[in-house]
Amino acid sequence: VDSKEDDSSHGDGASTSYLGKKLAKLCVDSLARHGAQVRSPVAAIAAIIHASMRTDDLGFACTGVPDDPKVKSTGFAAPIRELPASQLFPPKWDTNHNKIMLRYRKKGFGSVILCVEQDTNGSSSNSSSSSNGGKNKNDINVHAASTNVTIQLSPTSSQEPPREPLMFA
């Protein structure tokens, strides 16, 4: 991985790295080339991270959707195979609109699971504003919601949960 830093600034004092710019371009190119479509905001976040991980720069191979530990196994586990380069996402990767999980492996690094999850435990806060109690058709009602999203990358060989997930509000 090339670690050159680019001193470009966005006017707000923030700068972007060469790798960050390169991964962003590679992600957009990959998503566009595969005609990627997502069904939810959580899937959009997962798709961007997924496309980044599958770049040659990061070198992770997607091996599908991990088995749900809550579902009892009825036999042998399916073999774990890498997705071909022609297939961006595994089947049924985004059936849950609040939680996306994908499994990866990388030579010399082992297997990891990416989990992108929206907090559905009432983390949203609503507020409304009305000029005269909401009885007039010209009233203005404003509803603002806040949603937390947690992103975790966990090794599959460890039973210990990740200590510090990334959280976005």
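Each remark here, short or long, concerns the structure printed above.
Description of the structure in this document. Bear in mind the structure is a predicted one, so any value in this text is a computation, not a measurement.

Cut-offs and rules
Per chain, residues are indexed from 1 in the order of the written sequence. Given that the model is predicted, a residue must reach a pLDDT of at least 70 before its local features are reported, and side-chain atom pairs must reach 80 or more before they are shown or counted; all residues, however, enter totals for whole chains, interfaces and linings. Water and hydrogen atoms were dropped before computing side-chain values, which therefore reflect all heavy atoms in the structure. Residues enter a nonpolar core if they are buried and are Ala, Val, Leu, Ile, Met, Phe, Trp, Tyr or Cys, with the set joined through side-chain atoms within 4.5 Å. Throughout this description, buried means an accessible area under 20% of the type-specific maximum (1.4 Å probe, protein chains only), exposed means over 50%, and partly exposed covers the range between. Helix numbers and strand numbers start at the N terminus; a helix is a DSSP run of H or I with at least 4 residues, a strand a run of E with at least 2. Throughout, a contact is declared for two residues whenever any of their heavy atoms are within 4.5 Å. Salt bridges are defined as contacts in which a side-chain nitrogen from Lys or Arg sits within 4 Å of a carboxyl oxygen from Asp or Glu.

1. Here's the deal with the nonpolar core
Right, on to step 1. Counting residues in hydrophobic clusters, the biggest one holds 22 residues, and the most contacted among them are Leu31, Phe89, Trp93, Ile100, Tyr104 and Val116.
Right, on to step 2. Looking at this core, the elements with two or more residues in it are α1 (18-33), α2 (41-53), β4 (99-106), β5 (110-118) and β6 (149-155).
Right, on to step 3. In this structure, Phe89 is in contact with Leu31, Ala36, Ala47, His50 and Leu83, ignoring residues within four places of it in sequence.

2. Comments concerning the environment of Val28
Right, on to step 1. Within the secondary structure, Val28 is located in helix α1.
Right, on to step 2. Val28 gets classed as exposed once you look at its relative accessible area, which sits at 54%.
Right, on to step 3. When the C-alpha positions of Val28 and Ile48 are compared, they lie 8.0 Å apart, and in sequence the two are 20 residues distant.

3. Topic: the pattern of salt bridges
Right, on to step 1. For the structure shown, the criterion picks out four salt bridges.
Right, on to step 2. In this structure, Arg39 engages Asp94 in a salt bridge whose closest nitrogen and oxygen atoms are separated by 3.6 Å. Of this pair, Arg39 sits in the loop between α1 and α2 while Asp94 sits in the loop between β3 (61-64) and β4, and the two are 55 residues apart along the sequence.
Right, on to step 3. When the shortest N-O distance is used, the salt bridge between Arg105 and Glu82 registers 3.5 Å. Here Arg105, found in strand β4, pairs with Glu82, found in the loop between β3 and β4; they are 23 residues apart in sequence, far enough to count as distant.

The analysis is restricted to geometry; functional conclusions fall outside its scope.
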